[in-house]
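# Structural overview for review
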Amino acid sequence: MRTVRKTTTATVLSALALGAALGLVDTAQAAGAIEGGGKQALNLEAILMFFAFVAATLGITWWAARRTRSAADFYAAGGGITAGQNGLAIAGDYMSAASFLGISGLVFATGFDGLIYSVGWLVGWPIILFLIAERLRNLGKYTFADVVSFRLEQTRIRSLSAIGTLTVVAFYLIAQMVGAGKLIELLFGLPYLYAVILVGALMIIYVAFGGMVATTWVQIIKACLLLGGATFMALMVLIKFGFSPEALFARAVEIHPKGGSIMAPGNLVTDPVSAVSLGLALMFGTAGLPHILMRFFTVADAKAARKSVFYATGFIGYFYILTFIIGFGAITLLMNDPEFYKVGADGAYNKVTALLGGTNMAAIHLSNAVGGPLFLGFISAVAFATILAVVAGLTLAGASAVSHDLYASVIALGRVSEDREVRVSKISAVVIGIVAIVLGYIFENQNVAFMVGLAFAVAASCNFPVLLMSVMWGGTTTLGVLIGGFLGLVSSVALVVLSPAVWVKTFGFATAPFPYDNPALFSMTIAFVGIWLVSKLDRSARAKIDTAAYEAQYVRSETGIGATKAVAH
Amino acid sequence: MNQGDAVGTPSYDTIKNDPQFQELVAKRSRFAWTLTVTMLLIYFGFVFVIAFAPSVLAIRLGSGVTTIGIPIGLAVIVSAFLLTGIYVRRANSEFDADTQDIAGRQK
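Description of the structure in this document. (Residues numbered from 1 in each chain as written. Chains lettered and ligands numbered in written order. Predicted model: local features only at pLDDT ≥ 70, side-chain atom pairs only at ≥ 80, totals over all residues.)

## Overview of the overall build of chain A
- Summing up its helical and strand segments, chain A has 24 helices and zero strands in all.
- Whereas a compact globule of 569 residues would reach a radius of gyration of roughly 25 Å, chain A reaches 23 Å, a difference of no more than 12%.
- Its C-alpha atoms put chain A at 80 × 50 × 45 Å along the principal axes.
- Buried positions account for 66% of the 569 residues belonging to chain A.
- Of the contacts formed within chain A by residues at least 6 apart in sequence, a portion of 84% connects residues at least 24 apart. (Helix = DSSP H or I, 4+ residues; strand = E, 2+ residues; numbered from the N terminus. Rg over C-alpha atoms; globule rule 2.2 N^0.38 Å. Buried ≥ 20, exposed ≤ 12 C-beta atoms within 10 Å, placed from the backbone. Contact = placed C-beta atoms within 7 Å.)

Now the structure itself:
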């Protein structure tokens, strides 16, 4: 029993290392690297600090609930978030426990290869800024479906966008819930099911009562804690080496079993098709994540939207540099200390794979090594807070798609009061939370490693093409978006199912019909060509309305004239 | 809801025919696409070197263990930040000033 539990913990923590999720990690190696987990002893400092965080965020939720009166408050914090706050909140929404523990763990295990992931995770942000952010702010109100359906037919387009949103949210949420349950079990000694229920209950409370205002502040606080904690750890590492990276690397090369090879690319990238496909999914998937796109409606105008991407890129880039230092610090400070390892009877241990709790625990152990039990408690609590902030953002995005897109526009055809729409959104948040708890429970012992990769692939292949084509090309028609977007969604999911990650590793077949783990190169092409071709061939009456309405949309998207203004409080 | 914001509905025709609007859109789109392509080239350049010539990144700097791959990887991260900075700087001054001029003529 115990061994089974350990292996599952290992598998799922490796899921947290999105590396494996996106299929370019040498999976055998990654899986091996996490062997030998085990529950941490009850960690009192961590629990106290975690409760302090929960108490603070519940206080904020109470405060936010009193300020949340209108639909604009609930979905978009009344547009009253400043660029700096939004930059932090975006960073808090985006930097998951996967980036923190997964990338530092990957650096710990492989060195340079960890950097390749960080880079992929960051480069989507400039693209969002150059092509999407201000048009989104100028055209939309609460969800990205507002933008896509600006001139296209509301009912069908919003249905498609809502399905795209909910698909991304579902896969992302399952991966986060399972990861959260395993992580909390490991860090706090709390049983898996309780941990999943706790996470689900908190995210329901934040979203249902506090809406976007509470979600934003949870993300801001989490971003500050995470950036602060990671900065401290990186500083403590650098101090030990007199702020000389060369001294740090030299010591790491000396200690690491892989020696000098940790300073260069290993076998993370196998073939060019996989490399490009992964790169596309990372870059454009980021630009299609509904909970991220939603954040651009919380600021007053396009100017603030642009600035918030600039700040967010800075925070996220800085954070990834820190994780690189933390990973190398973990190599130098942990690998020679048997205290952090599952040591064999002969006193020997594998310096990479025998790390207690697996390689994804490298940053957690390092916090103990540089700051003692108190700091260990702090970083454990931060890891938990990190998950909460991400799932809250996802839940809000999912609830908004249900209430604002499906309920208000598709079911009630716009004939619904603001109050009622917000009430539906709150109920949806509760339902999504409960579904997430149930799915988290069901998937406890499943391999969810592919799910975050799938979420990014769907975002890149459905949400992003649909959004980009509707704002950039006047010829786009309702039918084109509908068919192209649907093909992108279906092909990305189907190709992932047929890929080695699912077909072979989850279903246990011998060979996968689709040889690449990431479908983005193919499914994005299908979506873009689909939208273009169907729009070109579309001779319907609706197509004439769609193309005729482009001019007004174009002027507004470029200038913001007529755009939704911030609500004064 | 979107199309229905009837309060002070601006005349999109006049804006579209405004030479300053056309100039703004042309220069901004040129600028945005140039930066987009730059980012794509930097990132996929990095990815292709890793895929086809990983040994290039393993070249050591001087006598130490630090390889050229480390500063290059960090440079990609920093370049993403700098490119967003370059865009925001111009968009929030020059482009926004143009937009205000254009909007001002609508009153």
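Read on, since the account is not over.
## A short note on the interface of chain A and chain B
- With 48 residues of chain A at the interface, the matching set in chain B holds 46 residues.
- Here the residues of the side of chain A that touches chain B are counted per class, giving 31 nonpolar, 10 polar and seven charged. (Nonpolar A, V, L, I, M, F, W, Y, C, P; charged D, E, K, R; others polar.)

## Let's talk about helix 2 (residues 19–52) of chain B
- In a regular helix each residue adds 1.5 Å, so 34 residues correspond to 50 Å; helix 2 of chain B covers 48 Å between its end C-alpha atoms and thus fits that length.
- Elements that come into contact with the buried residues of helix 2 of chain B comprise helix 8 (113–122), helix 9 (124–139) and helix 14 (272–286) of chain A together with helix 1 (12–17), helix 3 (54–57) and helix 4 (69–104) of chain B. (Expected span 1.5 Å × (residues − 1).)

## What about the packing of helix 7 (residues 97–110) of chain A against helix 8 of chain A?
All names here are of chain A.
- Here helix 7 crosses helix 8 at 150 degrees, and the two axes come no closer than 7 Å. Of the possible angle classes, the one that applies to helix 7 and helix 8 is roughly antiparallel. When helix 7 is examined against helix 8, the residues Ser99, Ile103, Leu106, Val107 and Thr110 are found in contact with a partner set consisting of Asp113, Gly114, Tyr117, Ser118 and Trp121.
- Grouping the constituent residues of the contact of helix 7 with helix 8 by class yields five nonpolar, four polar and one charged. (Axes fitted to C-alpha atoms, helices over the stretch in contact; angles between N-to-C directions. Parallel < 35°, antiparallel > 145°, perpendicular 65-115°, else oblique.)

## As for the nonpolar core
Residues and elements named next belong to chain A.
- Counting residues in each nonpolar core, the largest one holds 243 residues, and the members touching the most others are Val199, Ile316, Ile326, Leu366, Leu388, Ala455 and Ala460.
- When residues of this core are assigned to their parent elements, the largest contribution, 30 residues, is made by helix 17 (residues 362–411).
- Other than its neighbours up to four places away in sequence, Ile316 contacts Ala91, Tyr94, Met95, Leu122 and Trp125. (Core = buried A, V, L, I, M, F, W, Y, C linked by C-beta atoms within 7 Å.)

## Brief notes about the environment of Lys351(A)
All names here are of chain A.
- Residue placement: Lys351 occurs in the loop between helix 16 (302–334) and helix 17.
- With 19 C-beta atoms packed within 10 Å, Lys351 lands in the partly exposed category.
- Between the alpha carbons of Lys351 and His256 there is a distance of 7.4 Å; along the sequence they are 95 residues apart.
- When residues no more than four places from it in sequence are discounted, the contact partners of Lys351 are Pro257 and Met335.

## So, the packing of helix 6 (residues 83–94) of chain A against helix 12 (residues 192–240) of chain A
All names here are of chain A.
- Between helix 6 and helix 12, the shortest axis-to-axis distance is 7 Å and the interhelical angle comes to 80 degrees. It follows that helix 6 is roughly perpendicular to helix 12 by the angle criterion. Seen from helix 6, the contacting residues are Gln85, Leu88, Ala89, Ala91, Gly92 and Asp93; seen from helix 12, they are Thr216, Gln219, Ile220, Lys222, Ala223 and Cys224.
- Tallied by class, the residues present in the contact of helix 6 with helix 12 amount to six nonpolar, four polar and two charged.

None of the figures reported here should be taken as evidence of function without further support.
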